[in-house]
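Summary of structural features
The residues making up each chain are set out below.
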Amino acid sequence: MSPISADQLRKIKLKIQNENALRYGVGRAKVTVHMGTCGIASGARDVLESLLVDIAQYKATDVIVAVDDCVGLCEREPLVTILKPGQKPIEYEKMNPDKMRHVFKEHFIVTEIQEPVEGESGQSNEGKRSQSN
Amino acid sequence: MKAVRSHLLLCGGTGCRASGGMTLKDILEAELEKRGLSDEMKIVVTGCNGFCALGPILVVQPDDVIYVSLKPKDIPELVSEHFIKGRIVKRLLYKHPVTKQEIPTMQQIPFFAQQELRVLRNRGLIDPEKIDEYIGRDGYSALAKALAEMTPDQIIDEVEKSGLRGRGGGGFLTARKWRTTRSAPGAVRYVICNGDEGDPGAFMDRSVMEGDPHSVIEGMIIGAYAIGASKGYIYVRMEYPLAVKNLAKALTDARAYGLLGDNILGSGFSFDIEINRGGGAFICGESSALMQSIMGKAGEPRAKYIHTSEKGLWDMPTNLNNVETWANVPLIINHGSAWFASIGTKGSTGTKVFSLVGGVNNVGLVEVPMGITLREIIYDIGGGIKDDKKFKAVQTGGPSGGCIPAEHLDTPVDFDELTKLGSMMGSGGMIVMDEDTCMVDVARYFINFLVDESCGKCTPCREGLRHFLTILTRITEGQGQEGDVELLEEIGDGMIWGSLCALGGSAPNPVMSTIKYFRDEYDAHIRDKKCPARVCTKLITFSIDPETCIACGKCKKVCPVNCITGAKKVPHVIDESICIRCRACYEVCPTDAVKIR
């Protein structure tokens, strides 16, 4: 560690808030992988792994991942639910790692590029959230 | 590489550590490793959550689920059910004491729901050993703002407008103290953080120092800038090893970031802090005794014809504030005085942290707005009295506070109201007593504590306390005389008028307040030689009711002096001449046949 400026202080704050988004419950979306016995039997664990690898690779730590129990649609497992604040949840069925990668990119990477290029990342994120509300 | 999908926030407060929290951490780590989850689930050891009676506590994020009273054997199930399959393990959740319903999230538990977290804003949310996590929660932004945008006078004005009063007990206006220190002549000025929390049953300051040390340090740096101090001391007692460790780490990290030392954040202002460990003497929580102790002298107070804010440490202007007071400062700078004063009462703004202990269902650390009633704290947050017993009194303000009876339960809690009732805010200890408490015995207990802790420098305190103890002991042993109560009151008056410092001045409180509200109990002890609460051993007798005794022999087995006789199907009998009144038979009797009179 070396002496920091007020500006660097702000940068550390934003970095930590992004890294710890899941702890403070302020992510931009929540992706739930259903991990009942049926889900695990049909490969939900691999879907989860692939999702976590993508999040790490794209540093998208504000995408919050949850695991949940079976929802009762066992034959369509693995199921994945994507919930963005203020929007209706989207369910994906019969998932596999490849599909998961595709869904992740469509939801969180491609749309990112289509957004107007931001001046300050924190602000544009705020704006997006209130828009979707 | 995989992203972390869950944070396991394990409470690392002293309470949870004492109930095995760190063993749990090792077991949890091993289990995660075994199930291949180590790289996607992160264990974070946080500061105290405040729900100490139910430790060890684990909060699982992002699911926002709180598990309580965890045991090592619960871990494998927790990992396979919740962490792998996403099923909440219901039997490990908090259960409502009345409805017996399981409550999964912190916000739904009444103990947490009715608190207003300001000083404890980062409670259970950050790893106190990581400065970055504090910064991530707005930490040091108030310091940056104060140094860049505010003059020292503006800071003191803001603190003055907020109405902040010292949280250590006296309730002195913080800004006034700061202004006096700032304008007092002296080559150097000092600021001190008083972390010498000595009240039995109080752990508010310990929790803040252990769980969020940077909040105290940030407050001190802002205060030092406002006052013009170049050096600070944090006085912590040796009995708080974890607080010392976390504070030391925090100071090192703050120094490395240039938040302490020369030219802080490029402002030209220089300041550093040193930790001073106290030996644990209660008197060293008194400001002038504490300063003597820092200077390496015996911890004795001095008369304050000249305030320590003018001549304190090495006769230089010195400003001393309590841990909680300092932790409030960054909030006032960041959110403004109007925000701070928006809750509380007219004379006491903001919040106060209390350690709620004794006969309540939810023992722990609570932060509430000033002005909340005692009833709300004890019944709504504290969950009422344990084992459905009746409330008798609440003792506030530590050993030199007073006991407040049921008829004043609706009193709003603030500095002035508690003083009016003959008690005081003190640093925020709150001991709840049920109907089985003897108030004379309580007074004797606290006086016994104070006899040991009085430094002995001034006569009223030293001698007054000793005579208090002699008289109170005599009363509880059935040797009380007519006129003893009046004598106690007279001694108390003398101590209030004549003592050198606040310890002696407030030491009569436990006696005076119990006489004021529970005079009948004193009279019963003295005139009838009876202890109405059936506590004082010299005044009670044990007997077994032959009607209800089922002759199970349990009492016979536990009696340490073998004074119980009886055979199968023959009701048992206690020999009063041998009985030492240890209560063991009373505790084990399955049919409540053992009677105390």
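Rules behind the numbers
- Residues numbered from 1 in each chain as written.
- Chains lettered and ligands numbered in written order.
- Predicted model: local features only at pLDDT ≥ 70, side-chain atom pairs only at ≥ 80, totals over all residues.
- Heavy atoms only, no water.
- Helix = DSSP H or I, 4+ residues; strand = E, 2+ residues; numbered from the N terminus.
- Rg over C-alpha atoms; globule rule 2.2 N^0.38 Å.
- Buried < 20%, exposed > 50% of the residue type's maximum accessible area, 1.4 Å probe, protein only.
- Contact = heavy atoms within 4.5 Å.
- Areas by Shrake-Rupley, 256 points an atom, 1.4 Å probe, with all protein chains shown as cover.
- Buried area = accessible area lost by both parts, 1.4 Å probe.
- Salt bridge = Lys/Arg side-chain N within 4 Å of Asp/Glu carboxyl O.
- Arc of directions from axis to C-beta.
- Pairing = 2+ DSSP bridges.
- Axes fitted to C-alpha atoms, helices over the stretch in contact; angles between N-to-C directions.
- Parallel < 35°, antiparallel > 145°, perpendicular 65-115°, else oblique.
- Nonpolar A, V, L, I, M, F, W, Y, C, P; charged D, E, K, R; others polar.
- Left-handed = near helix turned anticlockwise from the far one by under 90°.
- Domains from an automatic or database assignment.
- Disulfide = S-S within 2.5 Å.

**Comments concerning the overall build of chain B**
- Each helix and strand counted, chain B has 23 helices and 19 strands in total.
- Taken over the C-alpha trace, chain B has a radius of gyration of 26 Å; the compact-globule value for 597 residues is 25 Å, and the two agree within 12%.
- Projected onto the principal axes, the alpha-carbon positions of chain B cover approximately 85 × 70 × 40 Å.
- The burial tally for chain B puts 59% of its 597 residues in the buried class.
- Within chain B, residue pairs in contact and separated by at least 24 positions form 69% of the contacts whose partners lie at least 6 positions apart.
- As presented, chain B carries roughly 22800 Å² of accessible surface, and 52% of it is formed by carbon and sulfur atoms.

**Topic: the overall build of chain A**
- Summing up its helical and strand segments, chain A has six helices and four strands in all.
- Across the 133 residues of chain A, 39% fall into the buried class.
- Long-range contacts, defined as pairs at least 24 residues apart, comprise 64% of the intrachain contacts of chain A with a sequence gap of at least 6.
- Looking at chain A as shown, the accessible area adds up to about 7300 Å², and 52% of this sits on carbon and sulfur atoms.

**Points about the interface of chain B and chain A**
- Counting from both sides, the interface comprises 40 residues of chain B and, opposite them, 33 residues of chain A.
- Approximately 3000 Å² of surface area, both sides summed, lies buried where chain B meets chain A, with 61% of it carried by carbon and sulfur atoms.
- Seen at the junction of chain B and chain A, the total is five salt bridges.
- The residue Asp138(B) makes a salt bridge to Lys13(A) at a minimum N-O spacing of 2.6 Å.

**Quick look at helix α8 (residues 174–183) of chain B**
Residue and element names in this part refer to chain B.
- Along α8, the residues classified as buried are Thr-174, Ala-175, Trp-178 and Thr-181. Down the axis of α8, the smallest arc covering the buried residues is 125 degrees, so these residues share one side.
- On its buried face, α8 is in contact with α7 (152–162), α10 (213–227), β10 (318–322) and α13 (323–335).

**Focus: the sheet that holds strand β1 (residues 6–11) of chain B**
Residues and elements named next belong to chain B.
- Spatially, the four strands line up as an open sheet ordered β2-β1-β3-β4, and their pairing is mixed. What marks the edges here is a single partner per strand, and that holds for β2 (41–46) and β4 (65–67). Averaged over neighbouring strand pairs, the angle between their axes works out to 20 degrees when direction is ignored.
- Bridge analysis of strand β3 (residues 58–61) against β4 gives three bridges, and the strand direction is antiparallel. Looking at β4, one finds that Leu-58 is bridged to Tyr-67.

**Some points on the sheet that holds β10(B)**
Residue and element names in this part refer to chain B.
- Strand order in this open sheet of four strands is β9-β8-β7-β10, and the pairing throughout is parallel. Each having just a single partner strand, β9 (272–278) and β10 make up the two edges of the open sheet. Strand-to-strand twist in this sheet, taken as the mean axis angle between neighbours without regard to direction, amounts to 20 degrees.
- Direction of pairing for strand β7 (residues 190–195) relative to strand β8 (residues 231–237): parallel, over a ladder of six bridges. Note on β8: the bridge partner recorded for Tyr-190 is Lys-231.
- α13 rests against β7 and β10 of the sheet, and its axis sits at about 95 degrees to β10.

**Examining the environment of Glu547(B)**
- Assignment of secondary structure puts Glu547(B) in the loop between β16 (542–544) and α22 (554–558).
- The sequence separation of Glu547(B) and Ala593(B) amounts to 46 residues, and the corresponding C-alpha distance is 8.0 Å.

**Re the packing of helix α6 (residues 141–149) of chain B against α10(B)**
All names here are of chain B.
- Contact geometry for α6 and α10: axes closest at 9 Å, N-to-C directions at 10 degrees. In terms of axis orientation, α6 runs roughly parallel to α10. Between α6 and α10, the residues in contact are Ser-141, Ala-142, Leu-143, Ala-146 and Leu-147 and Glu-218, Ile-221, Ile-222 and Tyr-225, respectively.
- In the contact of α6 with α10, the residues fall into seven nonpolar, one polar and one charged.

**Quick look at the packing of α10(B) against helix α11 (residues 241–256) of chain B**
All names here are of chain B.
- Two elements in contact, α10 and α11, have axes whose closest approach is 9 Å; the angle formed by their N-to-C orientations is 55 degrees. Overall, the two elements α10 and α11 adopt an arrangement that is oblique. As α10 packs across α11, the resulting crossing turns out to be right-handed. For the pair formed by α10 and α11, the contact residues are Pro-213, His-214 and Ile-217 on the first element and Asn-246, Leu-247, Ala-250, Leu-251, Asp-253 and Ala-254 on the second.
- Looking at the contact of α10 with α11, its residues break down into six nonpolar, two polar and one charged.

**Let's talk about the domain arrangement of chain B**
All names here are of chain B.
- Taken domain by domain, chain B consists of domain 1 (6–112), domain 2 (131–341), domain 3 (351–434), domain 4 (439–526) and domain 5 (541–596).
- Put simply, the middle of domain 3 and the middle of domain 4, counted by C-alpha atoms, are 22 Å apart.
- Contacts between domain 3 and domain 4 engage 17 residues on the former and 15 residues on the latter.
- For the domain 3 face of the interface with domain 4, the top three residues by lost area are Pro-399, Ser-400 and Cys-403, together amounting to 41%.
- A salt bridge links Glu-521 to Lys-392, with the nearest nitrogen and oxygen atoms 2.6 Å apart.

**Quick word on the pairing of β10(B)**
All names here are of chain B.
- Buried residues dominate β10, accounting for five of its five residues.
- Where burial is concerned, the two faces of β10 agree: the one with Thr-318, Leu-320 and Asn-322 and the one with Asn-319 and Asn-321 are both buried.
- Where β7 lies against β10, five bridges are found, and the strand directions are parallel. By the bridge assignment, Cys-193 is partnered in β10 with Asn-321.

**Comments concerning the pattern of salt bridges**
- Within the structure shown, the criterion is met by 51 salt bridges over all chains.
- Among the ionic pairs, Arg76(A) bridges to Glu93(A), the shortest N-O distance being 3.4 Å. Here Arg76(A) is found in the loop between β2 (63–68) and β3 (80–83), whereas its partner Glu93(A) is found in the loop between β4 (90–92) and α5 (97–114), with 17 residues between them in sequence.
- Residue Arg76(A) is classed as partly exposed on the basis of its relative accessible area of 35%.
- Here Lys420(B) ties to Glu417(B) by a salt bridge, and the two come within 3.2 Å at their closest N and O atoms.

**Examining the state of the cysteines**
Residues and elements named next belong to chain B.
- Tallying each qualifying case throughout the model produces zero disulfides over all chains.
- Cysteine Cys-403 is unpaired, with the sulfur of Cys-438 as its nearest cysteine sulfur at 11 Å.
- A relative accessible area of 1% means that Cys-403 is categorised as buried.
- Counting only cysteine sulfurs, Cys-438 is the nearest neighbor of Cys-531, a cysteine outside any disulfide, at a range of 3.7 Å.

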